[in-house]
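These are the residues of each chain, in order.
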Amino acid sequence: MNYNFKGITSQVEQSYDNTAAHTELKAMMNRNERLSLYFTIDRYGYEAIRVESKTTKNFAYQINQEAFAWVMNYLLKGETEDFNVKPDAVAKSEETDANKFRKDMLKLFVENGIGNIQFTPEFRDRTGKLTAVANFRNGTILFFMERDKEITDYLREKGLIR
């Protein structure tokens with residue numbers, strides 16, 4: 001016989017308070033904190049950054065194009081204006097693999113020459129992993145992903161790793 005929890009537990013759709021995350025992130029920016037962040041797909045299926053600083057523990061902030069531009073303007077120029085950012089106007093990602101999302105974001109930064117990206121040499125990195133850090137005036141973005149042939153060939157072609 002196969003047992004299950006059908007009819008026993010409620011399947012309530014959980015939601016994330018991205019407005020509160022936005023408010024916290026803006027407060028960190030207003031304190032001129034250096035942010036440390038990385039890209040991910042959160043447990044709800046949204047593209048997000050995980051962000052922290054010296055004073056604030058790591059939390060998720062779901063992003064869309066406007067939120068991404070807002071965060072990048074802070075990292076690059078220290079601007080905190082969030083007039084066009086609507087933290088609740090996010091949509092579930094078509095991408096479900098956080099590793100692929102991070103890889104695509106790294107390629108976006110490389111293609112556009114954004115950030116001074118430093119790569120951990122393969123002999124120093126964890127086996128099968130690729131790690132990079134993009135440094136900005138007001139923070140850093142960490143990139144970590146599986147070291148596969150596609151990303152290795154791409155970065156070698158760009159002259160970024162050996």
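> Help me out: how do you make sense of the packing of aromatic side chains in this one?
The relation between two aromatic rings is expressed through the spacing of the ring centres and the mutual angle of the planes. In the structure shown here, the tally under the stated rule is 10 aromatic pairs. Considering the side-chain rings of Tyr61 and Trp70, the 6.0 Å spacing of their centres and the 70° angle between planes classify their relative orientation as edge-to-face. Each member of the pair, Tyr61 as well as Trp70, carries the same accessibility label: buried. For the cation-ring pair, Lys107 lies above Tyr154, with the distance from its terminal atom to the ring centre recorded as 5.4 Å.

> Teacher, can you tell me more about the pairing of strand E3 (residues 59-62) here?
Regular strands place their side chains on alternate faces of the sheet. What you see with E3 is no split at all: Phe59 and Tyr61 on one side and Ala60 and Gln62 on the other are buried throughout. Relative to E3, strand E2 (residues 47-52) runs antiparallel, the two sharing four bridges. Along E3, the bridge assignment pairs Ala48 with Gln62. The loop that links E2 with its antiparallel partner E3 comprises six residues.

> Quick question: what am I supposed to make of helix H1 (residues 18-30) here?
Residue pairs three or four apart in sequence face the same way in an α-helix, which turns once every 3.6 residues. Under the 1.5 Å per step criterion, the end-to-end length of H1 is 18 Å for 13 residues, consistent within 8% with the ideal 18 Å. Those residues of H1 lying buried are Asn18, Ala21, His22, Leu25, Met28 and Met29. Along the long axis of H1, the arc covered by the buried residues comes to 120°, so they all point the same way. The elements touched by buried residues of H1 are strand E1 (35-41), E2, E3 and helix H2 (65-77).

> Can you help me understand the environment of Glu24 in this one?
With respect to the helices and strands, Glu24 occurs in helix H1. For Glu24, a relative accessible area of 32% puts it in the partly exposed group. Taking the C-alpha atoms as reference points, Glu24 and Phe59, separated by 35 residues in sequence, lie 9.4 Å from one another. Filtering out sequence-adjacent residues up to four positions away, Glu24 remains in contact with Arg31, Thr56 and Phe59.

> Is there a simple way to think about the packing of helix H3 (residues 98-112) against helix H4 (residues 149-157) in this case?
Two quantities define a packed helix pair, namely the angle between the helix axes and the distance between the axes. Closest axis-to-axis distance for the H3/H4 pair is 12 Å, and the angle between their directions is 10°. What the angle tells us is that H3 and H4 run roughly parallel. Facing Lys103, Leu106, Lys107, Val110 and Glu111 of H3, the residues of H4 in contact are Glu150, Ile151, Tyr154 and Leu155. Here the contact of H3 with H4 is composed, by residue class, of five nonpolar, no polar and four charged.

Thresholds, definitions, all that
Residues numbered from 1 in each chain as written. Predicted model: local features only at pLDDT ≥ 70, side-chain atom pairs only at ≥ 80, totals over all residues. Heavy atoms only, no water. Phe/Tyr/Trp six-rings, centres within 6.5 Å; stacked < 30°, edge-to-face > 60°. Buried < 20%, exposed > 50% of the residue type's maximum accessible area, 1.4 Å probe, protein only. Lys NZ or Arg CZ within 6 Å of the ring centre and 35° of its normal. Helix = DSSP H or I, 4+ residues; strand = E, 2+ residues; numbered from the N terminus. Pairing = 2+ DSSP bridges. Expected span 1.5 Å × (residues − 1). Arc of directions from axis to C-beta. Contact = heavy atoms within 4.5 Å. Axes fitted to C-alpha atoms, helices over the stretch in contact; angles between N-to-C directions. Parallel < 35°, antiparallel > 145°, perpendicular 65-115°, else oblique. Nonpolar A, V, L, I, M, F, W, Y, C, P; charged D, E, K, R; others polar.

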